[in-house]
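What follows is each chain in one-letter form.
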Amino acid sequence: MPPPLVLAVDTATPQVGVALAGPDGPLAALQVVEGRRHGEVLAPAVEEVCRLAGVTLRDVGLFAVDVGPGLFTGLRVGLATVAALAHGLGRPALGVTSTELLTAAHPAAADTAAGRPVAAVVDIRRGDVAWSLTLPGRPPAAPVVATPDELAAALRDGPAGVLAVGDGARRYAAVLHAAGTEVAGAAWAHPSAVVLADLAVGRAGQAGDAGALAPVYLRDADVRIGWQQAPARG
């Protein structure tokens, strides 16, 4: 059976990305950087990508979504949308982390022994980043939370030649440069829905029920932390 038509959704960062891909590659894609307006942008983006590709949602055989780490609101919007579409159409779904997508998108991605180490760094706000280091020829490590200074120290003490990608790397580029780490350009700031769709085509056999997908938050939501830190009244 040929790989299914895949609709990929990425809302982990300020960029909203939607892409359609099949066994022969991408069919259509749209990306919009709209800050935190994920909920307003995503549904029209899905409709437009389907229109551009000349397909309907019923033609989609698999849904894929970036499960984070990233922005709380963006992740909730993306996962809820994919879950609703997958359940409504009776289709499977697949989740991929934002750090793996950032790594896989760059030409220096460490997917072969000849690659270079790549640190995928996502800005998760409040002075923290989520990051993962992928070494040549090895699977990506699980993402962890760090301050920019902690990240810089880890990279300074780690393997040589690391390339940092992602919006977190760009936001804290000065700190990383001081530690001797190269930071990729703006084209590599956000996870790519096209890369997600392409990975999902090859991993269709790993897809399952959308209800099993869970966001990779790595820490409590902003509203909960704000409540816990608020002084007691009365």
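This text follows the structure it describes.
In this report, the structure presented in the accompanying data block is examined.

What counts, and at which threshold
- Residues numbered from 1 in each chain as written.
- Predicted model: local features only at pLDDT ≥ 70, side-chain atom pairs only at ≥ 80, totals over all residues.
- Heavy atoms only, no water.
- Axes fitted to C-alpha atoms, helices over the stretch in contact; angles between N-to-C directions.
- Helix = DSSP H or I, 4+ residues; strand = E, 2+ residues; numbered from the N terminus.
- Left-handed = near helix turned anticlockwise from the far one by under 90°.
- Contact = heavy atoms within 4.5 Å.
- Nonpolar A, V, L, I, M, F, W, Y, C, P; charged D, E, K, R; others polar.
- Pairing = 2+ DSSP bridges.
- Core = buried A, V, L, I, M, F, W, Y, C linked by side-chain atoms within 4.5 Å.
- Buried < 20%, exposed > 50% of the residue type's maximum accessible area, 1.4 Å probe, protein only.
- Parallel < 35°, antiparallel > 145°, perpendicular 65-115°, else oblique.
- Salt bridge = Lys/Arg side-chain N within 4 Å of Asp/Glu carboxyl O.

A few points about the packing of helix H1 (residues 38-53) against helix H2 (residues 72-89)
Right, on to step 1. At their nearest, the axes of H1 and H2 sit 10 Å apart, and the two run at 30° to each other. As for how H1 packs across H2, the hand of that crossing is right-handed. Two secondary-structure elements touch here, H1 through His38, Gly39 and Leu42 and H2 through Gly74, Val77, Gly78 and Thr81.
Right, on to step 2. When grouped by side-chain class, the residues that make up the contact of H1 with H2 number two nonpolar, five polar and no charged.

Looking at the sheet that holds strand S4 (residues 62-66)
Right, on to step 1. The mixed open sheet is built from five strands, whose spatial order is S3-S2-S1-S4-S5. Edge positions in the sheet fall to strand S3 (25-33) and strand S5 (93-96), since each has one partner strand and no second. In this sheet, adjacent strand axes meet at a mean angle of 15° when their direction is disregarded.
Right, on to step 2. Of the strand pairs in this sheet, strand S1 (residues 6-10) and strand S2 (residues 15-22) are connected by five bridges, and their pairing is antiparallel. When the bridges of S2 are listed, valine 6 appears paired with alanine 21.
Right, on to step 3. Helix-sheet contacts for H2 involve S1, S4 and S5, and the interaxial angle to S4 is about 170°.

A short note on the nonpolar core
Right, on to step 1. With 27 residues, the main nonpolar core has Leu7, Val18, Leu20, Leu42, Val60, Phe63 and Val82 as its most contacted residues.
Right, on to step 2. Residue assignment for this core shows that the elements contributing at least two residues are S1, S2, H1, S4 and H2.
Right, on to step 3. Considering each element in turn, this core owes the most residues, seven residues, to H2.
Right, on to step 4. In this view, phenylalanine 63 contacts Leu7, Leu57, Val82, Leu85, Ala86, Leu89, Arg91, Pro92, Ala93 and Leu94; residues no more than four positions away in its chain are not counted.
Right, on to step 5. Residues Val121, Ala164, Leu176 and Val183 belong to the second largest nonpolar core, which totals 17 residues.

Concerning the packing of helix H3 (residues 98-105) against helix H7 (residues 193-202)
Right, on to step 1. Where H3 contacts H7, the two axes come as close as 9 Å, and the packing angle between them is 95°. Here H7 runs roughly perpendicular to H3, going by the angle between their axes. Two secondary-structure elements touch here, H3 through Leu101, Ala104 and Ala105 and H7 through Val195, Leu196 and Leu199.

Description of the pattern of salt bridges
Right, on to step 1. As enumerated under the stated definition, the model contains seven salt bridges in all.
Right, on to step 2. Across the pair arginine 125 and aspartate 123 runs a salt bridge whose closest N-O atoms are separated by 3.7 Å.
Right, on to step 3. The residue arginine 219 makes a salt bridge to aspartate 128 at a minimum N-O spacing of 2.9 Å. Of this pair, arginine 219 sits in the loop between H7 and helix H8 (222-229) while aspartate 128 sits in the loop between strand S6 (118-123) and strand S7 (129-134); the two residues are 91 residues apart in sequence, bridging distant segments of the chain.

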